[in-house]
Each structure stands twice: as structure tokens, then as C-alpha cells.
Amino acid sequence: MTKYFVKPREAAERLSITTRTLANKRAIGSGPPFLKMDGVVRYPVDGLERYINKNLHHNARAKNK
């Protein structure tokens, strides 16, 4: 069975941050997209992956050979 949404704990683990840091990012609008229904927060797996890919950075000083 494919999971479309993950709990905050699982999302935080994927990002290697605490659930509190994830909640802070959610509160200020700088975290991954989320769904909140009846007070329950879930993160769509595809949105979480896009967030990770969007925030990947490469060394700007690396020289092309």
C-alpha cells in the first residue's frame, strides 16, 4: 500500500529535524506543504519530496572541469 501522507514525526525524520522545528517552520510558512483537517496535520509525500529537492544546494565555489 502506497502512503500518500505522513505524520509530522515521519516528515521530521525525513528532514533530519525535530517535530518542534517542523512545527515552527509550518507556523512561519517556511516548511513543506501540509494538510490540516480537524486539527490533524499530515504531509503529502510528493510535497515533502518537492520541498527537499527545492532546497538542495550545491557548492557555489565548485569549478566545472
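Because the structure is predicted, anything quoted here is derived from the model rather than measured.

> Sorry if this is basic, but what is going on with the packing of aromatic side chains here?
Aromatic ring pairs are reported here in terms of the distance separating the ring centres and the angle at which the planes meet. Taken as a whole, this structure holds one aromatic pair when the rule is applied. Plain terms: the ring middles of Phe 34 and Tyr 43 are 6.3 Å apart, the flat faces sit at 55° to each other, and that makes the pair tilted. A relative accessible area of 37% places Phe 34 in the partly exposed class. Given the relative accessible area of 0%, Tyr 43 is considered buried. The ring of Phe 34 has Arg 26 lying over it, and the distance from NZ or CZ to the ring centre is 5.7 Å.

Conventions we followed
Residue positions within a chain follow its written sequence, with the count starting from 1. Reporting of local features is limited, given that this is a predicted model, to residues whose pLDDT is at least 70; pairs of side-chain atoms are given and counted only at 80 or more, and all residues count toward the totals for whole chains, interfaces and linings. The side-chain figures draw on all heavy atoms in the structure; neither hydrogens nor water molecules are used. Working definition: a ring pair exists when centres of Phe, Tyr or Trp rings (six-membered ring for Trp) sit within 6.5 Å. Plane angles under 30 degrees give stacked, over 60 give edge-to-face, the rest tilted. Exposure categories follow from relative accessible area, calculated using a 1.4 Å probe and restricted to protein chains: below 20% of the type maximum is buried, above 50% is exposed, and the middle band is partly exposed. Note on criteria: charge over ring means Lys NZ or Arg CZ within 6 Å of the ring centre, with the direction from the centre no more than 35 degrees off the ring normal.

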